[in-house]
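Residue-level listing of the chains:
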Amino acid sequence: MALDHIEQLEAKVNRLIEKHERIKREKESFEKRLQQKESEWHNLKGQIRQYERERTELREKLDKILGQFASLDLPD
C-alpha cells in the first residue's frame, strides 16, 4: 500500500515537472514575442518622428512658395 502512495506521489511530481517545463517554455515564447513587439514599436516611433520632420520641412517649403506668390502682387 505504501508503494502505491509513493507511485502516486511520483506521478504527481512528474506531472508538476512537466507542467512547470511547459509553462517555462510558454513564458520564454511570450518574452520573445514581447521583445519583438517592443522592437517594432521603437521602429514605428522612429518612423513617426521622421514623418513629423518631413511634414515640418514640407510646410516650411510650402509657406515659402506661397510667400513668393504673394510677393508677385498678381491681380485677383
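Relevant structure appears above.
Per chain, residues are indexed from 1 in the order of the written sequence. Two thresholds apply to this predicted model, a pLDDT of at least 70 for residue-level local features and 80 or more for giving and counting side-chain atom pairs, whereas whole-chain, interface and lining totals are computed over all residues. Hydrogens and waters are ignored; side-chain quantities use all the structure's heavy atoms.

**Comments concerning the pattern of salt bridges**
Piece 1. By definition, a salt bridge exists where a carboxyl oxygen of Asp or Glu is found within 4 Å of a side-chain nitrogen of Lys or Arg. By the definition in use, this model includes three salt bridges.
Piece 2. For Glu26, the salt bridge identified is with Arg22, shortest N-O distance 3.5 Å. With Glu26 and Arg22 both in helix α1 (residues 2-71) and four residues apart, this pair spans about one turn of that helix.
Piece 3. Glu31 is the salt-bridge partner of Lys27, the closest N and O atoms lying 3.5 Å from each other. Pair noted here: Lys27 and Glu31 are both in helix α1, with a separation of four residues, about one helical turn. Each helix corresponds to a stretch of at least 4 residues labelled H or I by DSSP, and each strand to a stretch of at least 2 residues labelled E; elements are numbered beginning at the N terminus.

**Some thoughts on a negative patch on the surface**
Piece 1. Only residues whose relative accessible area exceeds 30% and that take part in no salt bridge are eligible for patches, with like-charged residues grouped when within 9 Å of each other and nonpolar side chains (Val, Leu, Ile, Met, Phe, Trp, Tyr) grouped when within 5 Å. Per-residue and other accessible areas were derived by the Shrake-Rupley procedure at a 1.4 Å probe size, with only the shown protein chains allowed to occlude residues. Counting rule applied: Lys, Arg positive; Asp, Glu negative; His and chain ends not counted. Just so you know, the charge point we use is NZ for Lys, CZ for Arg, CG for Asp and CD for Glu. Together, Glu54, Glu57, Glu60 and Asp63 give the surface a local cluster of negative charge.
Piece 2. Within the element layout of this structure, Glu60 appears in helix α1.

It is worth stressing that arrangement in space is one thing and function is another; only the former is reported here.
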